[in-house]
Amino acid sequence: MEPATGGSRTGRNLPVAIAVGAGLGAVIIASLYFVEWLFLAVVIAAVGIGVTELVKSFAARDVNVPVVPVLAGMAVMVCGAYWGGRDGPAWLVGAFAMTVLVLMIWRMFQGTEGYVRDISATLLVTVYPSLLAGFVGLLLAGDQGPDRVVVFVATTAASDIGGYFAGILFGRHKMSPRISPKKTWEGLAGSALACMAVGGWLVAWLLDGAVWKGVLIGAVAVAFATLGDLVESVIKRDLGVKDMGSVLPGHGGLMDRLDSLLAALIPIWALLTLLV
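Here's a quick rundown of the structure. (Residues numbered from 1 in each chain as written. Predicted model: local features only at pLDDT ≥ 70, side-chain atom pairs only at ≥ 80, totals over all residues. Heavy atoms only, no water.)

Quick word on the overall build of the protein chain
As a reminder, the rule being used: Note on conventions: DSSP H or I runs of at least 4 residues are helices, E runs of at least 2 residues are strands, and numbering of each starts at the N terminus. Only protein chains enter the accessibility calculation, which uses a 1.4 Å probe; a residue whose area is less than 20% of its type maximum is buried, one above 50% is exposed, and one in between is partly exposed. Contact criterion: two residues are considered in contact whenever any of their non-hydrogen atoms come within 4.5 Å of each other. Note on areas: these come from Shrake-Rupley sampling with a 1.4 Å probe, and a residue is covered only by the protein chains present in the view.
Helix and strand content of the protein chain: nine helices and two strands. Seen in sequence order, the protein chain has helices and strands lined up from the N terminus as α-α-α-α-α-α-β-β-α-α-α. Residues counted as buried form 51% of the 276 residues belonging to the protein chain. For the protein chain, contacts bridging at least 24 residues in sequence account for 71% of all contacts bridging at least 6. Of the roughly 12,700 Å² of accessible surface on the protein chain, 72% is carried by carbon and sulfur atoms.

Brief notes about the environment of Ala-46
With respect to the helices and strands, the residue Ala-46 is situated in helix α2 (residues 36–59). You can call Ala-46 buried: its relative accessible area is 19%. Between the C-alpha atom of Ala-46 and that of Leu-254, which follows or precedes it by 208 residues, the distance is 6.7 Å. Those residues in contact with Ala-46 that lie beyond four places of it in its chain are Leu-254 and Leu-258.

A word on the environment of Leu-272
Examined against the element boundaries, Leu-272 turns out to sit in helix α9 (residues 254–275). Separated by 58 residues in the primary sequence, Leu-272 and Gly-214 place their C-alpha atoms 9.0 Å from one another. In this view, Leu-272 contacts Leu-139, Arg-148, Val-151, Leu-207 and Ile-217; residues no more than four positions away in its chain are not counted.

What to know about the packing of α2 against helix α3 (residues 67–83)
Axes are the key here: two packed helices are described by the angle between their axes and the distance separating the axes. The test is simple: Axis definition: a line fit to C-alpha positions, over the contact stretch in the case of helices; interaxial angles, taken between N-to-C directions, run 0 to 180 degrees. Note that the term roughly parallel is reserved for angles under 35 degrees, roughly antiparallel for angles over 145, roughly perpendicular for angles of 65 to 115, and oblique for everything else. Should the near helix be turned anticlockwise from the far one by less than a right angle, the crossing is termed left-handed; should it be turned clockwise, right-handed. Side-chain classes follow a simple rule in which Ala, Val, Leu, Ile, Met, Phe, Trp, Tyr, Cys and Pro form the nonpolar group, Asp, Glu, Lys and Arg form the charged group, and the remainder, Gly included, forms the polar group.
Orientation of α2 relative to α3, taken along the N-to-C sense of each, is 150°, at an axis distance of 10 Å. The pairing of α2 with α3 is recorded here as roughly antiparallel in orientation. The way α2 lies across α3 gives a crossing that is right-handed. Across the interface between the two elements, Glu-36, Trp-37, Leu-40, Ile-44, Val-47, Gly-48, Val-51, Thr-52 and Val-55 from α2 touch Val-67, Val-70, Leu-71, Met-74, Ala-75, Val-78, Cys-79, Tyr-82 and Trp-83 from α3. Per-class residue counts for the contact of α2 with α3 are 15 nonpolar, two polar and one charged.

Below you can see the structure in the form of C-alpha cells.
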C-alpha cells in the first residue's frame, strides 16, 4: 500500500491514518458480529468505491470502462458467493462469467473503435477487484465465518503496519526502486514478522487451530500482500497517478488500502479451508 501524502518520513499523516484505520476496524468488527449482511454491504461499498477510482484513472487515459454494469456484477458476485451456501463457488463463477458476457455486449453497442482496448480494461476491473472480492462472501459463509474474516483482515493489515514501522526505523535497502521507491527489504522483514505473529495468535485464539498453521497463513499473507502492493503500484505508474483517490484521509484512495487485501484473500481463504 503506497502511503498518501502527508507529514511523516514516508509521506503519510500518521495520526490521521491511525484514526481512519481504527474507524474502519471498528466498522468491520461491529458489522461482522452483529449483522453479517451489513458487513457484505460494507464490502460492496468499499470495493465499489475502489472500482470507481480505477474507472476514473482509466478514463484519464481515454480508456472507457462502464462503471454501472461492473458494479452490478461485483455486487452479484459477492452476494452469490455468500448466499449460495455450499454452491457459493459455483454462484461466484457463474456470476463472473455472466458479468463478462454482459460487459462485452454492452461495449459492443458503443461502436467498434477502441473496443479491444476498452474491453480489456473492463475485464481487468471485473477481475481486480470485483471477482477477488467475491471470495469474502465464501470466507464469511463458511464455519466460523466472522472469525475467519477477522483472521484474514487482521493478518493482512499486519503486513502494512509492520512494514511501515520497520521501514521507518530500519529501512535502508530499496526493494524495487522503479516500481515502489519507498519499499525496503527491512520493511518486508517487519511485515513478515508482524503477519506471522498475528496469524499464529488469531488462528489459535479464534479458530482453535495450531499456532504453526497461523504462522504459515501469515507467511503466505505477507508474500501475496507485498505482491499485491507492487501490482497496484505498477498500475498507478502506467496510468500516471500517485494515488487512486483521496477518499481516506492519511491513506489515499480505497484501492490504495485494498490492494494487499485483495491479493492475499484467495490464498488465505484456501489455507483456512484446507488447514483449519
